[in-house]
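Report on the structure
Each chain is listed here by its residues.
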Amino acid sequence: MRGQKLGAGLIAQSQSALPPFVLHRPASLGEAEALVRQHPHAVIAAGCSDLMAQIREGLEPQVLISLQGIKELRAVSNDAGTLRIGSLVSHYEGSRSPEILSSLPALAAAWGSIATVRIRYRGTLGGNLLARRYRYEMPVILSALQARMHFQGGDLATLPVAELWEGERRSPGVMTAVSVDTASLLWFGYERTMRPVSTVAMAVRSNASGDVTVTAVCGSEYRRPYVLSHTVLSHPAGGTATADLDPASVAEILAAQLPEEAGDYAGSISYRRHLASVLCRRLLVQATGNQRKGSQP
């Protein structure tokens, strides 16, 4: 037997235990905000699947705030072209939400393809994003959709998902939801057949001038996601928006934007750009229905 620090008790040599900590279980968002302001360095728990991994990695919380009792964080709505998803929505719930299935079914399909059955039932949207782990897939998917995270009770009101890795934010507060603009979205898709080496999420949007922008986010278990973008100006003679997208050429343009630092021990930068090109081309063929001459299968 051996003793644990800070009064955690006697346990077997092969086991470990956490020191005592203070647990708060707010029943409302307002109560959670007040607790976060009172304890700015508290650990905030949602589904707890990633929290358990952090504890195994050495995390020892002194104050833990569980959000599981706040029902309003599980809401999903679609209003005036904006899809809003509560931070406590689980992967399973998100993939089956009637609001998401009706407004953005490709997101529901992508969401339902990630993780294991156990994680899909326990893991939440907020926990998946704020864990800031390269191997998690929701940051890739939502960055392509130009989604924004919303917070209350901290030093941050909103943040694009694509900026998750831009510096340290110590007290963002309580993440309440993620919003996605669906009004300008023409198409969305997700390619994960080469995971863990490479995944690609892609969104095609149009603006009031008829220009089409393709945003692709290339993810990997070993590097942060990279946002790639290309805009095709509207054709003077008019025509459908996606008809001017050539899958092969646009895929090459997007893949060439991957920075040198994207290469790692799992693949050189030239290999990663090749993979990105292949996956982007597959998605663009789906988006346009256009397998032009010169495109490789």
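Residues numbered from 1 in each chain as written. Predicted model: local features only at pLDDT ≥ 70, side-chain atom pairs only at ≥ 80, totals over all residues. Heavy atoms only, no water.

What the protein chain contains, in helices and strands, is 10 helices and 14 strands. Counting every position in the protein chain, which comprises 297 residues, the buried fraction comes to 48%. (Helix = DSSP H or I, 4+ residues; strand = E, 2+ residues; numbered from the N terminus. Buried < 20%, exposed > 50% of the residue type's maximum accessible area, 1.4 Å probe, protein only.)

Scanning the entire structure with this criterion turns up 11 salt bridges. Across the pair arginine 282 and glutamate 191 runs a salt bridge whose closest N-O atoms are separated by 3.5 Å. One end of the pair, arginine 282, is in helix H10 (residues 269–288); the other, glutamate 191, is in strand E11 (residues 185–191), and 91 residues separate them in sequence. For arginine 282, a relative accessible area of 36% gives the class partly exposed. Glutamate 191 sits in the buried class, given a relative accessible area of 9%. Within this structure, Glu137, Arg192, Arg195 and Glu221 form a network of salt bridges that share partners. (Salt bridge = Lys/Arg side-chain N within 4 Å of Asp/Glu carboxyl O.)

Let us look at H10. Taking 1.5 Å of rise per residue, the 20 residues of H10 would be expected to cover 28 Å, and the 28 Å separating its terminal C-alpha atoms lies within 8% of that figure. For H10, the tally of buried residues reaches 14 of 20 residues, placing the bulk of the element in the interior. Of the residues flanking the end of H10, it is glycine 289, one or two places downstream, whose phi is positive at about 65°. (Expected span 1.5 Å × (residues − 1).)

Read across the sheet, 3 strands follow the order E3-E5-E4 without closing on themselves; strand pairing throughout is parallel. Where the open sheet ends on each side, the last strands, each with one partner, are strand E3 (22–24) and strand E4 (43–45). Strand-to-strand twist in this sheet, taken as the mean axis angle between neighbours without regard to direction, amounts to 25°. With 3 bridges joining them, E4 and strand E5 (residues 63–66) adopt parallel strand pairing. Residue pairing across strands places isoleucine 44 opposite isoleucine 65, the latter belonging to E5. (Pairing = 2+ DSSP bridges. Axes fitted to C-alpha atoms, helices over the stretch in contact; angles between N-to-C directions.)

Attention now moves to the sheet that holds strand E14 (residues 226–232). The sheet built from 4 strands is open, its strands ordered E11-E12-E13-E14 with antiparallel pairing. Each edge of the open sheet carries a strand with a single partner, namely E11 and E14. The mean angle between the axes of side-by-side strands here comes to 15°, regardless of whether they run parallel or antiparallel. Bridging between strand E13 (residues 212–219) and E14 involves 7 bridges; their strand directions are antiparallel.

With that out of the way, let us pick up the packing of aromatic side chains. Following the criterion strictly, the structure yields 3 aromatic pairs and no others. Plain terms: the ring middles of tyrosine 92 and tyrosine 121 are 4.4 Å apart, the flat faces sit at 20° to each other, and that makes the pair stacked. Residue tyrosine 92 is located in helix H3 (residues 91–96), and its partner tyrosine 121 is located in helix H6 (residues 117–122); the two are separated by 29 residues in the primary sequence. (Phe/Tyr/Trp six-rings, centres within 6.5 Å; stacked < 30°, edge-to-face > 60°.)

If you add up the space inside the largest pocket, you get close to 1000 Å³. At the level of secondary structure, the elements contributing two or more residues to the lining of the largest pocket comprise E4, helix H2 (49–56), helix H7 (125–130), strand E8 (148–152) and strand E10 (174–181). Looking at side-chain class alone, the lining of the largest pocket contains 23 nonpolar, 12 polar and 6 charged residues. Looking at the second largest pocket, its volume works out to about 390 Å³. In terms of lining, the second largest pocket is formed by 19 residues, of which the most central are Ser49, Ala115, Ile119, Asn128 and Tyr136. Looking at the lining of the second largest pocket, the elements that each hand over two or more residues are H2, H6 and H7. Each residue belonging to the lining of the second largest pocket can be placed in one class, and the counts come to 7 nonpolar, 6 polar and 6 charged. (1 Å grid on protein atoms, 1.4 Å probe; cavity = no way out; pocket = protein on both sides within 12 Å on 5 of 7 lines; lining within 4 Å. Points joined across faces, edges and corners; volume = space filled by probe spheres on them. Nonpolar A, V, L, I, M, F, W, Y, C, P; charged D, E, K, R; others polar.)

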